[in-house]
Structures are given as structure tokens and as C-alpha cells.
Amino acid sequence: MAYTKGDIIRIVREENIEFIRMQFTDIFGQMKNVAITASQVEKAVNNQIMFDGSSIEGFTRIHESDQCLYPDLNSFVILPPEVAGGRVARMFCDVYNTDGTPFVGDPRGVLRRVLRRAESMGFDVFNIGPELEFFLFETDEDGRATIRTKDEAGYFDLGPLDHGEATRREISLNLEQMGFEIEASHHENAPGQHEIDFKYNNAMDGADKIMTFRLITKSIAQKNGLHATFMPKPVYGVAGNGMHLNMSLFKDGKNVFYDPNGERGLSKTAYSFIAGLLDHIQGFTAVTNPLVNSYKRLSGGHEAPRYRAWSASNRSALIRIPAARGQSTRVELRSPDPSCNPYLAVAVCLAAGLDGIARGLTPPPEITGDIYAMDEATREDQGINTLPDTLKDALEELEKDVLVLDVLGEHVARQYIKGKLKEWNEYQTRVSSWELEKYLVIY
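Below, the structure is looked at part by part. Only a predicted model underlies this, so the values are computations on that prediction, with no experimental measurement involved.

**Concerning the pattern of salt bridges**
Here comes step 1: The final tally for this structure, using the stated rule, is 27 salt bridges.
Here comes step 2: With a shortest N-O distance of 3.8 Å, glutamate 138 and arginine 148 are connected by a salt bridge. Residue glutamate 138 is located in strand E7 (residues 125–138), and its partner arginine 148 is located in the loop between E7 and helix H5 (165–177); the two are separated by 10 residues in the primary sequence.
Here comes step 3: For lysine 392, the salt bridge identified is with glutamate 396, shortest N-O distance 2.8 Å. Of this pair, lysine 392 and glutamate 396 are both found in helix H11 (residues 391–400), 4 residues apart, which corresponds to roughly one turn of the helix.
Here comes step 4: On the accessibility criterion, lysine 392 (28% relative accessible area) is partly exposed.
Here comes step 5: By sharing partners, the salt bridges in this structure join Asp72, Asp94, Arg108, Arg112 and Asp208 into a single network.

**A word on the pairing of strand E9 (residues 193–198)**
Here comes step 1: Most of E9 is tucked away, with 6 of its 6 residues classed as buried.
Here comes step 2: Burial along E9 is two-sided: Gln193, Glu195 and Asp197 facing one way and His194, Ile196 and Phe198 facing the other are all buried.
Here comes step 3: Pairing of E7 with E9 involves 5 bridges; the strand directions are antiparallel. Looking across to E9, one finds that glutamate 131 is bridged to aspartate 197.
Here comes step 4: Looking at chain direction, strand E8 (residues 182–187) and E9 are connected through 5 bridges and run antiparallel. Considered in E9, the bridge of histidine 187 is made with histidine 194.
Here comes step 5: Where E8 folds back on E9, the antiparallel hairpin that results is connected by 5 residues, among which glycine 192 adopts a positive phi of roughly 85°.

**Concerning the packing of helix H7 (residues 268–288) against helix H12 (residues 402–429)**
Here comes step 1: Viewed as axis vectors pointing N to C, H7 and H12 meet at an angle of 30°, and their least axial separation amounts to 12 Å. Our classification of the angle between H7 and H12 gives roughly parallel. Between H7 and H12 the crossing geometry is left-handed. Residues His280, Gly283, Phe284, Ala286 and Val287 of H7 form the contact with H12, whose own contacting residues are Leu403, Val404, Leu408 and Tyr416.

**Examining the layout of surface pockets**
Here comes step 1: One number sums up the size of the largest pocket: a volume of about 830 Å³.
Here comes step 2: When contributions to the lining of the largest pocket are tallied by element, the ones reaching two or more residues are E7, E8, E9 and strand E12 (243–251).
Here comes step 3: At 6 residues, E7 tops the list of elements feeding residues into the lining of the largest pocket.
Here comes step 4: Here the lining of the largest pocket is built from residues that sort into 14 nonpolar, 15 polar and 15 charged.
Here comes step 5: Considered as a void within the structure, the second largest pocket measures approximately 620 Å³ in volume.
Here comes step 6: Breaking the lining of the second largest pocket down by element, the ones donating at least two residues are strand E6 (88–97), helix H4 (107–120), E7 and helix H6 (203–223).
Here comes step 7: The element best represented in the lining of the second largest pocket is H6, accounting for 6 residues.
Here comes step 8: Classifying every residue of the lining of the second largest pocket by side-chain character gives 15 nonpolar, 5 polar and 9 charged.

**Some thoughts on the packing of aromatic side chains**
Here comes step 1: Per the counting criterion, the structure on display carries 17 aromatic pairs.
Here comes step 2: Judged by centre distance (4.7 Å) and plane angle (35°), the rings of phenylalanine 24 and phenylalanine 51 are tilted. Placement of the pair is phenylalanine 24 in strand E1 (residues 19–25) and phenylalanine 51 in strand E3 (residues 49–52), with a sequence separation of 27 residues. Exposure class is identical for phenylalanine 24 and phenylalanine 51. Each is buried.

**So, the packing of H4 against helix H9 (residues 342–359)**
Here comes step 1: Axis separation between H4 and H9 bottoms out at 8 Å; the angle between their running directions is 20°. By the angle class used here, H4 and H9 are roughly parallel. Considering the relative orientation of H4 and H9, their crossing is left-handed. Along its contact with H4, which presents Pro107, Arg108, Val110, Leu111, Val114, Leu115, Arg117 and Ala118, the element H9 presents Tyr343, Leu344, Val346, Ala347, Leu350, Ala351 and Leu354.
Here comes step 2: Taken together, the residues of the contact of H4 with H9 break down into 13 nonpolar, no polar and 2 charged.

**Side note on a negative patch on the surface**
Here comes step 1: A cluster of like negative charges, contributed by Asp375, Glu376, Glu380 and Asp381, occupies part of the molecular surface.
Here comes step 2: Note on placement: aspartate 375 falls in the loop between H9 and helix H10 (376–381).
Here comes step 3: The exposure class assigned to aspartate 375 is partly exposed, which follows from its relative accessible area of 46%.

**A closer look at empty space enclosed by the protein**
Here comes step 1: On inspection of all chains with the given rule, the structure shows 1 cavity of 30 Å³ or more.
Here comes step 2: When its volume is computed, the largest cavity comes out at roughly 30 Å³.
Here comes step 3: Residue lining of the largest cavity: Ile27, Phe28, Pro290, Leu291, Ser339, Cys340, Asn341, Tyr416 and Lys420, and that is the complete set.
Here comes step 4: Partitioned by chemical class, the residues of the lining of the largest cavity number 6 nonpolar, 2 polar and 1 charged.

Reading the values: rules and limits
- Residues numbered from 1 in each chain as written.
- Predicted model: local features only at pLDDT ≥ 70, side-chain atom pairs only at ≥ 80, totals over all residues.
- Heavy atoms only, no water.
- Salt bridge = Lys/Arg side-chain N within 4 Å of Asp/Glu carboxyl O.
- Helix = DSSP H or I, 4+ residues; strand = E, 2+ residues; numbered from the N terminus.
- Buried < 20%, exposed > 50% of the residue type's maximum accessible area, 1.4 Å probe, protein only.
- Pairing = 2+ DSSP bridges.
- Axes fitted to C-alpha atoms, helices over the stretch in contact; angles between N-to-C directions.
- Parallel < 35°, antiparallel > 145°, perpendicular 65-115°, else oblique.
- Left-handed = near helix turned anticlockwise from the far one by under 90°.
- Contact = heavy atoms within 4.5 Å.
- 1 Å grid on protein atoms, 1.4 Å probe; cavity = no way out; pocket = protein on both sides within 12 Å on 5 of 7 lines; lining within 4 Å.
- Points joined across faces, edges and corners; volume = space filled by probe spheres on them.
- Nonpolar A, V, L, I, M, F, W, Y, C, P; charged D, E, K, R; others polar.
- Phe/Tyr/Trp six-rings, centres within 6.5 Å; stacked < 30°, edge-to-face > 60°.
- Patch = residues over 30% accessible without salt bridge, like charges linked within 9 Å, V, L, I, M, F, W, Y side chains within 5 Å.
- Areas by Shrake-Rupley, 256 points an atom, 1.4 Å probe, with all protein chains shown as cover.
- Lys, Arg positive; Asp, Glu negative; His and termini not counted.
- Charge placed at Lys NZ, Arg CZ, Asp CG, Glu CD.

Written as C-alpha cells, this is what we have:
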């Protein structure tokens, strides 16, 4: 919905809104906010709310700390009382410097720059349809998260096997109150694992919705005495959490991925977009799969999409083309996980696809066989390699990909790599429970 400054001021007064959350995101995908009272709404819509950027990891240094929040007026929404605990609204914000220039480290700004690149190439809309998976776990007597669940359900099961059904339904209803169009809600493969799918949106709105989805899911779970986690691989031996990303590109209202006369109903543009994704997938995996834990999902079996290949229907390939055609034609990238910063993840995927289009790339032949069932020699013969094995490997690939570094910009790339290398080094030096169980007694 399109709002003016006057609309928001009026709604805040008519609906007796008490607080407004001015929300933004750090480079690692953590939501932040400055909460203001309703009396400050005019300052808010006129871009006069400031905060200390030096307190946000990866933003600014202490001697240049003041930054401004420019709200996206169209993101204004009243939060459900079950989530906010009162009459509270929110707006997503872009981060600006005090001289009125956009802050180069703002993830929304990174995505906005790539969307402008798409527009310069004649594409006016880039839609995304994310599919986020999450676990609902029990909490202990102190309210802390565990990985326990009494849930015994599998794919598409329902109560009484599905112990999270009521919470999943409540999450869906609260999201609908906030303007989401929920298309499906179901139990996933592992005990305690769930998925809620919402309708595709333009890229910026879709990334905002991912951030909102994670917040609402965690808030409702906590209210119900559960813990929701989007951690990619919280439990050994079962499926991990993915965030399959469906993408479609439009020009003058028409889906440019569709060609009724093309092979498989796909256009040359679609094939070049696929080729661009495959060409840069090694370089942007550190962004779409940002945690040490992400690579335990990718290499942990259970149909993890780690093989660099594409297919019109084969779910063992990294990229799949769902069956729908016409305006619904889309490319599904199956490797991202829901711990990513959605603005950065969508930005690098779009930029990779656009690069494939600009260079007229052609993807390798479609892989129709079950890649999981192939041995290593067969995969090698067919030119199928894998995604990076660890976060460290992925960061090394990122540092080699000029396009991805350019998309992120010097500031974000430097701070992102620095923060993730710190995370890797902490992991490398930490003594794990596996090591203690394996070595403590016998050595």
C-alpha cells in the first residue's frame, strides 16, 4: 500500500498508536530498531530520527557515529498485539549519513543499487518467493532454548503427531494481519520442523517480509513456551533448514523468463540468468549461507542442495525450474538458508543473474539423473562440482569474485569478511562436545 507522510501521521493518531519501531538491519542480517513514541511521528516521517551507528557492528567508527533513519513509508504496518504487547507500529528504514547521502553499509541500500542496475537493463520488476523452514523446540524450566521436541511428525503430517500445528497456525494468522498472503503451511521432514510459504513480492518488499517473518515466528513461539530457530542445521542426523529462493524477472509487465516457443518453455534470458547464478554461486555462497553451521546442512545429506547443476524438475540439482509457465515462470535456487541477510542474499543472486544476461551466458547441460545417487567419478564426468565445504572456503571464493565484491561494495565486503573470519576462527579454536566425547577418555 502506498502511504504519504500525512497518511501515517493520521493513522498513528486515529489508531491510538503508542510506539513506532524504526527498524533496520545490520550487515549480518540482525534486525535492529529505534523505538519512538507516537509524539515523534512527524520527526520520523521527515527523516529526523538519529542513532549511534558506532554501536552497530560493521557500521561506523566512533568518531563518525551519528546516522539518520529514513523510513520507507510503504512499509508502515500496525503490529499484532500478540507480538508487540500494545498499540505498536513499525516502519523499515534506510540508513543515511548526516549529510543526506545514503550510508554505503546499509544492506537495503545494497539491494536498491542492484535493482537500479536491473532497471538500467530494461527490467522493471524482480520478484522473489522465499520458502523458509524453521524448527520449533521446547524450552527448559528457565525459558532457555533446547533441541528437544515431542513432535514425531514428518512431511505434511498433522496433529496429534504434529505438536507445533497450533503455533504454526497462529504464526500464519498473525502474518496475515500484517498483510502477508499465506499460500501454504505444513510440517516439514524432520521432527519439530515446519514451513510457511507466502506469496511472492517485489525484491525489496520480499526481503522486508523475510525479516518480519523471522521476528513474528520467534515472537509467537516464545509466547507459547517454545523456541523457533532458523539455524541451518540444529540437529545432527536430520534435515536442516533451507530457504529456497524463487526468482522471476519482468519487463513491461511480462515475465521475461517465459518463451512458449523456447525449449522447456524458457527464454534465452532465463537460460542466461541460470548460467549467471551457476557462474557466481561459489562466490556468493558466503552470503547466502553465512554461518559455520550452514555448511553442516549443505554437506550433511538429507537432500541438501550442494551440487552445482540445474534441472527443469530434478530436486537434487542446485537450481530447479518449477513446472508453472507463463507469468509464473521462475528459477528456484535451493542452496540459501534462512540465517542469511535477505537484502544481501537477494542482491547477489540478482546481480549474478543479470551478469549472465549481460554476457549472454549459456548454462551447462541439464542434469536429469539423481545427483545424490551418483558416485564421485560420475559427477566429475558430468562436470558437477560442489559448493564450498566450509565457511572459510566460501569466504576465499567470495574474495575472488569481483562481481560479488562490487555488489556488496568495499565497506560491506570488508566488514562482512572480517566478521565472518572472526566467527570461523572462534569455531576453529573452540573445543566441541564431539571432541570431548571422542578423545577425553581414550587419550
